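Coordinates in review
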Amino acid sequence: MSDEEHHFESKADAGASKTYPQQAGTIRKNGYIVIKNRPCKVVEVSTSKTGKHGHAKCHFVAIDIFNGKKLEDIVPSSHNCDVPHVSRTDYQLIDISEDGFVSLLMDNGDTKDDLRLPTDDNLLSQIKDGFAEGKDLVLTVMSAMGEEQICALKDIGPKN
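We now turn to the structure provided with this report. Here the structure is a predicted model, which is why all the values come from computation and not from measurement. (Residues numbered from 1 in each chain as written. Predicted model: local features only at pLDDT ≥ 70, side-chain atom pairs only at ≥ 80, totals over all residues. Heavy atoms only, no water.)

**A short note on the sheet that holds strand β5 (residues 70-76)**
Filter applied, for reference: Strand pairing follows a simple DSSP-based rule, namely that at least 2 bridges must link the two strands. Numbering of helices and strands starts at the N terminus; helices are DSSP runs of H or I of at least 4 residues and strands are runs of E of at least 2. Note on method: axes are straight lines fitted to C-alpha atoms, helices fitted across the in-contact stretch only, with angles between N-to-C directions ranging 0 to 180 degrees.
The strand order across the open sheet formed by 4 strands is β2-β3-β4-β5, and the pairing between neighbours is antiparallel. This sheet does not close on itself; its edge strands, each paired only once, are β2 (32-35) and β5. Shown here is a sheet whose adjacent strand axes are inclined to one another by a mean of 45 degrees, direction ignored. Bridging between β2 and strand β3 (residues 38-47) involves 4 bridges; their strand directions are antiparallel.

**Thoughts on the environment of Pro39**
Under the convention used in this document: Categorising residues by exposure relies on relative accessible area from a 1.4 Å probe, with only protein chains included: less than 20% of the type maximum marks a residue as buried, more than 50% marks it as exposed, and the intermediate range marks it as partly exposed. In this description, contact between two residues means that some pair of their heavy atoms is separated by no more than 4.5 Å.
With respect to the helices, strands and loops of the structure, Pro39 is situated in strand β3. By relative accessible area, which is 0% here, Pro39 ends up buried. In sequence terms Pro39 and Ser143 are 104 residues apart; their C-alpha atoms lie 9.8 Å from each other. Setting aside anything within four residues of it in sequence, one finds Pro39 in contact with Ile33, Ile63, Asp64, Ile65, Phe66, Pro84, Ala144 and Met145.

**A look at the pattern of salt bridges**
The condition that has to hold: Counted as salt bridges are all cases of a side-chain nitrogen of Lys or Arg within 4 Å of a carboxyl oxygen of Asp or Glu.
Per the counting criterion, the structure on display carries 7 salt bridges. Between Asp114 and Lys112 there is a salt bridge whose closest N-O contact spans 3.4 Å. Residues Lys135 and Glu133 are paired through a salt bridge, measuring 3.3 Å at the closest nitrogen-oxygen approach. Since its relative accessible area comes to 31%, Lys135 is described here as partly exposed. Connected via shared salt-bridge partners are Arg38, Asp64 and Glu147.

**Some remarks on the environment of Leu124**
Of note, Leu124 is situated in helix α1 (residues 121-132). In the structure, Leu124 is positioned 29 residues away from Leu153 in sequence and 10.0 Å away in space, judged by C-alpha atoms. Residues contacting Leu124, with those up to four places away along its chain left out, are Leu117 and Pro118.

**What about a negative patch on the surface?**
Threshold: In this analysis, a patch consists of residues with relative accessible area above 30% that form no salt bridge, clustered at 9 Å for like charges and at 5 Å for the nonpolar side chains Val, Leu, Ile, Met, Phe, Trp and Tyr. The Shrake-Rupley method, run with a 1.4 Å probe, gives the accessible areas here. Residue values count only the displayed protein chains as cover. Positive charge is attributed to Lys and Arg, negative charge to Asp and Glu, and no charge count is given to His or to the chain ends. By convention, the point assigned to a charge is CZ for Arg, NZ for Lys, CD for Glu and CG for Asp.
A surface patch of negative charge is lined by Asp95, Glu98, Asp99 and Asp113. Overall, the relative accessible area of 86% leaves Glu98 in the exposed class.

**Things to note about the nonpolar core**
Condition: By nonpolar core we mean a set of buried residues, namely Ala, Val, Leu, Ile, Met, Phe, Trp, Tyr and Cys, connected to one another through side-chain atoms within 4.5 Å.
If you look at the biggest cluster of nonpolar residues, it comprises 14 residues, and the most contacted ones within it are Leu93, Val102, Leu104, Ile127 and Ile150. Contacts of Leu93, omitting those with residues within four sequence positions, involve Val102, Ser103, Leu104, Ile127, Phe131, Leu137 and Leu139. Core analysis: the second largest hydrophobic core is formed by 13 residues, Ala24, Cys58, Ala62 and Val75 among them.

Right, dumping it as structure tokens:
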């Protein structure tokens, strides 16, 4: 055997997949599904009966979790669909920059500075108003398939 060390370039995701397979017939309303390479939340599922050629079909109506667009897909119920790994994480808001980025405090004490303010006007005004009033805000960040977006906020009282 050789004594030399091997060095590998790492992209820091440990090869973890952004999605996992799940049988189409088992995906329910309020679940998640990937349609046209976009992570979506299922709002409606209807299943057709088996036809002449033997496959029941599932008709999914889903809304993209990041841009709110409505997408539809029809898949044989016995086939596998991709389901995104969706996670929600809470971060404390530290600052809002001039160019629309937020500075968030992570659990380990580092800051996360790569997130834009949300495009949803209601949420945007709540964040800006609460920050201007000096409230302590905790933002919920939803992430799936390499994308992240602020999706909710909690007020944990005034800053001390």
